[in-house]
Amino acid sequence: MSLLNVENLSVSFNTREGKTEAVKNASFSLQRGETLGIVGESGSGKSVLCYSLLGLLPMPPASIDSGKALLDGEDLLMCNKKALRHIRGNRISMIFQDPMTSLNPYLTIRTQLTETLRLHKGFSKKAALMKAIASLEEVGIADPEKRINSYPHELSGGMRQRVMIAMSLLTEPEILIADEPTTALDVTIQAQILRLIKRLQNDHNVGLIFISHDLGVIAGIADDVMVMEKGDIVETGTAENIYYQTQHPYTKKLLCSIPITGKPLSHQYSLETNAQPLLKLEGLKTYFHDNHVFMTKKQDVIKAVDDVSIEIYPGETLGLVGESGSGKSTIGRSIINLVNITQGKIMFNDKEISTHGNEETNISRRQIQMVFQDPYSSLNPRMTVFDTLAEAISLRVKLNREEMISEVVKLMEDVGLNADQIRKYPHEFSGGQRQRIAIARALALRPRLIIADEPVSALDVTIQAQILDLLLKIIKKYHLTMLFISHDLSVVRYISDRVAVMQKGKIVETGDTEDLFSNPQHPYTRSLLSAIPIPDPRKERQRQIDTSIT
Amino acid sequence: MSTTSMDLEKIQQGRSLWQDALSRLMQNHLAVFGLCVVILLILVAIFADVIAPYSYQEQNLVLGASPPSSDHWLGTDTLGRDLFTRILYGSRVSLMVGVLATSVALTIGVTWGMISGYLGGRVDMLMMRIVDILYALPFTIFIILLMVVFGRNIYLLFFAIGAVEWLTMARIVRSQVMSIRNQEYIDAVISMGLLRIKIIARHILPNIMGPIIVYTTLTIPGVILLESFLSFLGLGIQPPMSSWGSLISNGVETMEEYPWLLIYPALTLSITLFSLNFLGDGLRDAIDPRSAKD
């Protein structure tokens, strides 16, 4: 008999627009010491499924239509609130995606850890403290006696997630549910946290449900895998079965969409020997000051970009890679003058554009356009596609209404949007379609250089692939040059001709994509590369064993 | 090109944010009801002397305060004046205060908050400290000073109320502008080189209309009551002129003996307030394309 048995669970949401089935007839079981990975894109119902087990869904609008969830024979769905609260603290624990929002910012780690123990287990103050310190030590926090008195904001993202894990294991639960626990983290930290979760799961012999959109992450951690699409469980099986003998077309599509390391480049670009760089950064420095108007004492200076020199040649795509806080986005924003630079030069087409400007620099600047990360905030919600694109076009050329419409339609077709959607507002589009509109807007000014700042990070993996291919297509069609900024090494490898790796405001390594990926020189590049999860269970497990030895 | 000429025609018909907003507003029954009541009130205020059955200042001391009857629909006040007539005439002053003082507050507040929020930094700091200082000034002293310097004048009163009410509006607008300012679509149009005035008019203003409209509909009843407070101090309108505010404050004094003197003016103000709120909520939803149900 298994620890958790879910049978025919259906959950739906009743909204003004009607009833949406979020989970349809889900059945699965979980044993002690076993890991079940749930994979799916956003909206697939993977989180709803787990939240419904713990009674964490807001009801209404949610309602559980049918099914059972037996924990040692006791139906979780039939429990009253009090019993459920007891189970939530003691027998089932959860780790959430964002450790900043799931820890209370006004209480120390100590209070938050000991509170749980005293409440659920009736520990004395001293015993609770001892246990809390021990658990922090277990999750690999150095100097736990001191750290336990910190507030959440004093810890880094990775540390906070470690604290969350420690907290979830304090009450010795039988089941641990981890909902995208590493999605908000940098890739090197992600690898550490994944190893930690795996180790603790073995030590404590808990059943782990691991929810993720990332097939690479799931490959390393899960014994069994469940693939969800729009509320349906489309495929279940052991990790080996899912990855090596894929049955369902949707799973195949997911696996194919991952820009796998080693995929041959379709657009290998050969550098002309005597080409002049289109964009040249010389010793660029962008510092941020902690600005207090009345403060006269020494200010804190954040060196976001610290002495960076890059050249981008016409027609090439330069990938700029780094973890969060490395200053890669600030470079992009410096180039298009959204932030003021502190020192250095930005030369575009042999003209300096970093100085404030005359008409000529403005015209040069318009030849550089940016595609932003978040397709939900990069389009004005009160403007139709037509208005958004027409506004951009009218900055370049004056057209009458008919010409404008045909120009807008042409742009929309370029980015693969249907012309009959011209009068729709952004909220009527999906994330991927919105990103297409954003790309069209950038194209409207006929730029020569496109700066794409994490353009696919907010998108599901299948949509990612489509947008990347679209970018490649338009670059070819309009002979564009691109600066592609991303934290995701596999995406960068897929799209870039050359890659620059950034760490703490400095470029640590530059090189042709294949050279850099196959033969990284700088230790930081090497650690980044080795941390990418790959969708191959055997390799991933082997690598985890390798790295935990070293 | 895959677009047929028929498609193009359909596309050309177009729809603007404001046309869309109007059609959505018309689908919202509560908002339409609110709009009708507001229009009715305005008409009543304009044609008060035609509709009114009696004179607003003619006293009938023999009659005194009488409860509602077939002669006097809403009763009479302690001096025997017809209450219905006085409410009709009162709506002139009250609606004028409501509209004028609120427009003054709206104009100054939105402009001030917009500049402050958009420019940020030192300009923002300076402008907001000025707001803080004005907040700290005692309101009544400010109005008394104005009256002393410029003499008593009903339009000055409107201006004075507006000059106080804009402070909160400025703060609301500033915080809204600051949050919109951080959206990537603003970065996008800045980097395209769109003129600042166009960025504000096309990208920021439409996106902060919701809170502005809601706050405006809350301000109107607020200033109507404020006028009664000033009239009570002898700074506003003087008897025998009436306003809803002064009718209510008179009604409160005789609440126990002649409750109708409080109930009917208060009811009128409440209905106005509700209608404005319905209309305001309707407008807020209407200008947000996300609330469309198609």
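Above: the structure in question.
Only a predicted model underlies this, so the values are computations on that prediction, with no experimental measurement involved.

Asks: Would you explain the sheet that holds strand β20 (residues 506–512) of chain A in this entry?
Replies: Where strands meet in a sheet, backbone hydrogen bonds hold them as pairs that are either parallel or antiparallel. Residues and elements named next belong to chain A. Spatially, β16-β17-β18-β13-β19-β20 is the arrangement adopted by the 6 strands of the open sheet, whose pairing is mixed. Both edges of this open sheet fall to β16 (368–371) and β20, since each of them pairs with a single strand only. Pairwise comparison of adjacent strand axes, ignoring direction, gives a mean angle of 20° for this sheet. Two strands pair when backbone bridges link them, and strand β13 (residues 317–321) and strand β18 (residues 481–486) are joined in this way by 5 bridges, in the parallel orientation.

Asks: Help me out: how do you make sense of empty space enclosed by the protein in this one?
Replies: Left-over empty space is what a probe sized like a water molecule reveals as it rolls over the atoms. All names here are of chain B. This model, assessed by the stated rule, comprises 1 cavity of 30 Å³ or more. Lining of the largest cavity is provided by T102, A105, L106, E165, M169, Y215 and T219. For the lining of the largest cavity, the secondary structure elements donating two or more residues are α5 (83–119), α8 (154–181) and α10 (196–232). A per-element tally of the lining of the largest cavity places α5 first, with 3 residues.

Asks: Before we go on, may I ask you to explain the pairing of β16(A) in this structure?
Replies: On any regular strand, side chains alternate: one points to one face of the sheet, the next to the other face. All names here are of chain A. Side chains of β16 alternate between two faces, with I368 and M370 and Q369 and V371 buried alike. Pairing geometry for β16 and strand β17 (residues 449–453), over 4 bridges, is parallel. Looking at the pairing, I368 lines up with L449 of β17.

Asks: Which parts of the structure should I look at to understand the sheet that holds strand β12 (residues 301–312) of chain A?
Replies: Residues and elements named next belong to chain A. Strand order in the open sheet formed by 4 strands is β12-β11-β14-β15, and the pairing between neighbours is antiparallel. Bordering the open sheet on either side are β12 and β15 (351–352), each of which pairs with just one other strand. As defined by bridge partners, strand β11 (residues 279–289) adjoins β12 across 9 bridges and the pair is classed as antiparallel. Within the sheet, the bridge partner assigned to Y287 lies in β12 and is K303. Packing against the sheet, helix α12 (residues 328–335) makes contact with β11, β12 and β14 (343–348), and its axis sits at approximately 110° to β11.

Asks: Help me understand the packing of helix α7 (residues 139–150) of chain B against α8(B) in this model?
Replies: To characterise two packed helices, one gives the angle between the axes of the helices and the distance between these axes. Residues and elements named next belong to chain B. One way to put it is that α7 packs onto α8 with a least axis distance of 10 Å and a crossing angle of 145°. Where α7 crosses over α8, the handedness of that crossing is right-handed. Mapping the contact onto sequence places F139, F142, I143, L146, M147 and F150 in α7 and L156, L157, A160, A163 and V164 in α8. The class makeup of the residues in the contact of α7 with α8 is 11 nonpolar, no polar and no charged.

Asks: How should the environment of A:R88 be read in this particular structure?
Replies: All names here are of chain A. Take R88: it is sitting in helix α2 (residues 81–90). Residue class for R88 comes out partly exposed when judged on its relative accessible area of 27%. The sequence separation of R88 and G73 amounts to 15 residues, and the corresponding C-alpha distance is 16 Å. The residues touching R88, leaving out its near neighbours within four places in the chain, are L54, G55, L56 and S93. Engagement of the side chain of R88 in a polar contact is seen with the backbone oxygen of L54, the distance being 2.6 Å.

Procedures and definitions
Residues numbered from 1 in each chain as written. Chains lettered and ligands numbered in written order. Predicted model: local features only at pLDDT ≥ 70, side-chain atom pairs only at ≥ 80, totals over all residues. Heavy atoms only, no water. Pairing = 2+ DSSP bridges. Helix = DSSP H or I, 4+ residues; strand = E, 2+ residues; numbered from the N terminus. Axes fitted to C-alpha atoms, helices over the stretch in contact; angles between N-to-C directions. 1 Å grid on protein atoms, 1.4 Å probe; cavity = no way out; pocket = protein on both sides within 12 Å on 5 of 7 lines; lining within 4 Å. Points joined across faces, edges and corners; volume = space filled by probe spheres on them. Buried < 20%, exposed > 50% of the residue type's maximum accessible area, 1.4 Å probe, protein only. Contact = heavy atoms within 4.5 Å. Left-handed = near helix turned anticlockwise from the far one by under 90°. Nonpolar A, V, L, I, M, F, W, Y, C, P; charged D, E, K, R; others polar. Polar contact = N/O pair within 3.5 Å; in protein donor to acceptor, adjacent residues only side chain to side chain.

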